[in-house]
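So the chains spell out like this:
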Amino acid sequence: MSSLGFHNLFNRASSFHGVRVVRFFLEKTDRIYSPDAFIPQKMDIFSRQDRLLKGFDALFFSVSFELDYINILKMLSLSSIPPLVSERKMAKPLIIVGGVTATANPYILSAFSDIVFTGDMDGKIEEILNVLTENNFHKNHTLLERLSGIEGVFIHGRTAVPVRSITNNISRPAHSVVLTGGTSFSNMFLIEIVRGCKSSCAFCMTRCASGPVRIIQERYILDRVDKALRHTSRVGLIGPVLTDNDCLTGIVRGINEAGGQVSFSSLRADDFNEGVAGLLVENRQNTVTFAPETGSYRLRKRIGKTMTDESLLKAVSIAVEHGIKRFRYYIMYGLPEEKMEDIKATAEIVNETVRLFKNPGCRLHLSINPFVPKKGTPLETERIYPEEYYLKMQEVLRNGLNRTDCVSLKFDSLRYFYIHCLLSTGDADDAVSLYNYFIKGTISSFGKYAMEKLLR
Ligand code: SF4
């Protein structure tokens, strides 16, 4: 619900003449839910016999996480729409999938979608809707031929090579168009201040799916925030690394002067200084997140991360001096060429961090995930390890921590890990396999299939 890509598309498509847009979400209970069903002027849509997705002309899915492909299958199946393109003979709805993972690997999603959009759809949505409305959304040769001429549109069998669409000079930054309670960013107006990233870490999809870095000008941001402050005082700044926008200080000052309070999503330890710490404190942000990925500098360099142990610890030290008490590290394990010493080095950097906690109440939360090779990145073809390896390394890391009273960590189950890896790097045949397991209700067997395939 908080995805800015989703909000951006909803906003732009809703203002397109002759198009009505309704949002749908899949709940944890596997029920399809639409918050828009309660808006009176949209009741005509929901008074139809067919209340689910089948009655629509087009369905747009925005995905940023590979395991959500299973949720697409669920939504289509619940709506009696055959999920495989090869089995979908109906003229409507046309299924279009975009988002970061779709951009990185359009091939796998092409099994389920008529069109995969690669890149920034905000620059092309009007063009796409023009073609769709002129053809009355009828999926036929003419429609697909015209769509395939739009940059970013990937149609399996028609498009030779995916060409990513890039929106340069972003004058309309993506922002929240609906404020919702009960979400991770409850009633917070989110706005992007940078797209892409100045760094190029070898494991990260940002470079291949969201690059190059585009800095959004302060005036475009403050103009949008000004309007949003009529509805909420909470403003969340979004971007892969906020300090990539050189105007960060000016943006924060501008929002504060207009009466808003800022929340910061992601900061790079190398850029963290007294000034940034001051901004956080003034905005009553008590948590700082850094992503060292590993405590081993050798391994960090291997995966293209330039952060040194010194810059990380210095950043924490500055934050502690400013009274910040909550810290979060993003950590990976199971990295290429990883050795047990590297895991011990991760435990050690955590121990060193805790030694800097001079104020009572300081806590460090470790968000730990096994490395998942991502399509389109330099580490795409790196091998992953058997399950026992990950379990062993979890134990090594846990045993290496000196102070568990101020460190929290939780390892997620590896149940979906191999599925995640295969959906990240796989192709249309893997998507068909996923579907075959899905319709038999045996997704866990697909996990076994994925593990065997990846470890072969
Ligand atoms: S700094 Fe973060 S967002 Fe940027 S490339 Fe590295 S991991 Fe990706």
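Residues numbered from 1 in each chain as written. Predicted model: local features only at pLDDT ≥ 70, side-chain atom pairs only at ≥ 80, totals over all residues.

In this section: the sheet that holds strand S13 (residues 326-333). An order of S12-S13-S14-S15 is seen for the 4 strands of this open sheet, with the pairing classed as parallel. Strands with a single pairing partner mark the edges of an open sheet, and in this sheet they are strand S12 (287-293) and strand S15 (407-411). Here the strands of the sheet are splayed against their neighbours by 20° on average, with no regard to which way each runs. Sheet analysis places S12 next to S13, joined by 5 bridges and oriented parallel. The partner of Phe290 across the bridge, within S13, is Tyr329. (Pairing = 2+ DSSP bridges. Helix = DSSP H or I, 4+ residues; strand = E, 2+ residues; numbered from the N terminus. Axes fitted to C-alpha atoms, helices over the stretch in contact; angles between N-to-C directions.)

This brings us to the pairing of strand S14 (residues 363-370). Along a regular strand, successive side chains alternate from one face of the sheet to the other. Note: S13 against S14, 8 bridges, orientation parallel. Bridging from a neighbouring strand, Arg326 pairs with Arg363 of S14. As paired strands, S14 and S15 are joined by 5 bridges and run parallel to one another. Note that in S15 the partner of Ile368 across the bridge is Phe411.

Okay, the site of the ligand next. Every residue lining the ligand is accounted for by Cys197, Ser199, Ser200, Cys201, Cys204, Thr206, Arg207, Pro240, Val241 and Ala291. Taken together, the residues that form the shell around the ligand break down as 6 nonpolar, 3 polar and 1 charged. (Near = placed C-beta within 6 Å. Nonpolar A, V, L, I, M, F, W, Y, C, P; charged D, E, K, R; others polar.)

Right, let's get into the nonpolar core. If you look at the biggest cluster of nonpolar residues, it comprises 63 residues, and the most contacted ones within it are Ile191, Ile193, Val235, Leu237, Leu242, Phe290 and Ala315. The residue makeup of this core includes at least three contributed by each of domain 1 (4-154) and domain 2 (189-416). Residues contacting Phe290, with those up to four places away along its chain left out, are Leu267, Ala269, Leu312, Ala315 and Tyr329. One finds Tyr69, Met121, Ile384 and Leu423 within the second-largest nonpolar core, a separate group that totals 40 residues. (Core = buried A, V, L, I, M, F, W, Y, C linked by C-beta atoms within 7 Å. Buried ≥ 20, exposed ≤ 12 C-beta atoms within 10 Å, placed from the backbone. Domains from an automatic or database assignment. Contact = placed C-beta atoms within 7 Å.)

Hydrogen bonding along the main chain pairs the strands of a sheet, whether they run parallel or antiparallel. Across the sheet, 3 strands lie side by side as S7-S10-S11; this open sheet has parallel pairing. The outermost strands of the open sheet, each flanked by one partner alone, are strand S7 (189-192) and strand S11 (261-264). Each strand axis lies, on average, 30° off the axis of its neighbour in the sheet, ignoring direction. When S7 meets strand S10 (residues 234-238), the two strands line up parallel, connected through 4 bridges. If you follow Leu190 over to S10, its bridge partner there is Gly236. Sheet contacts for helix H9 (residues 218-228): S7 and S10; angle to S7, the most-contacted strand, approximately 170°.

Moving on: the domain arrangement of the protein chain. When the parts of a complex come together, some accessible area is lost, and that lost area is often used as the size of the interface. On domain assignment, one finds that the protein chain holds domain 1 (4-154) and domain 2 (189-416). A separation of 32 Å is found between the C-alpha centroids of domain 1 and domain 2. In terms of residue count, helix H4 (residues 100-104) provides more of the side of domain 1 that touches domain 2 than any other element does, 3 residues in total. Grouping the amino acids of the side of domain 1 that touches domain 2 by side-chain chemistry returns 4 nonpolar, 2 polar and no charged.

On to the packing of H9 against helix H10 (residues 248-257). Closest axis-to-axis distance for the H9/H10 pair is 10 Å, and the angle between their directions is 25°. In terms of orientation, H9 lies roughly parallel with respect to H10. As for how H9 packs across H10, the hand of that crossing is right-handed. Residues Glu218, Ile221, Leu222 and Val225 of H9 touch H10, and the partners they reach there are Gly250, Ile251, Gly254 and Ile255. Residue composition of the contact of H9 with H10, grouped by class: 5 nonpolar, 2 polar and 1 charged. (Parallel < 35°, antiparallel > 145°, perpendicular 65-115°, else oblique. Left-handed = near helix turned anticlockwise from the far one by under 90°.)

The next subject is unusual backbone geometry. A cis amide bond links Lys92 with the next residue in sequence, Pro93, at an omega value of -5°. Inspection of the secondary structure puts Pro93 in the loop between helix H3 (68-78) and strand S4 (94-98). With an omega of -5°, the peptide bond running from Gly211 to Pro212 counts as cis. On the secondary structure map, Pro212 appears in the loop between helix H8 (206-210) and strand S9 (214-215). Residues other than glycine seldom take positive phi values, yet Asn169 does so here, at roughly 45°. Counting through the fold element by element, Asn169 comes out in the loop between strand S6 (153-154) and S7. A positive phi angle is found at Arg284, which is not glycine, with a value near 50°.

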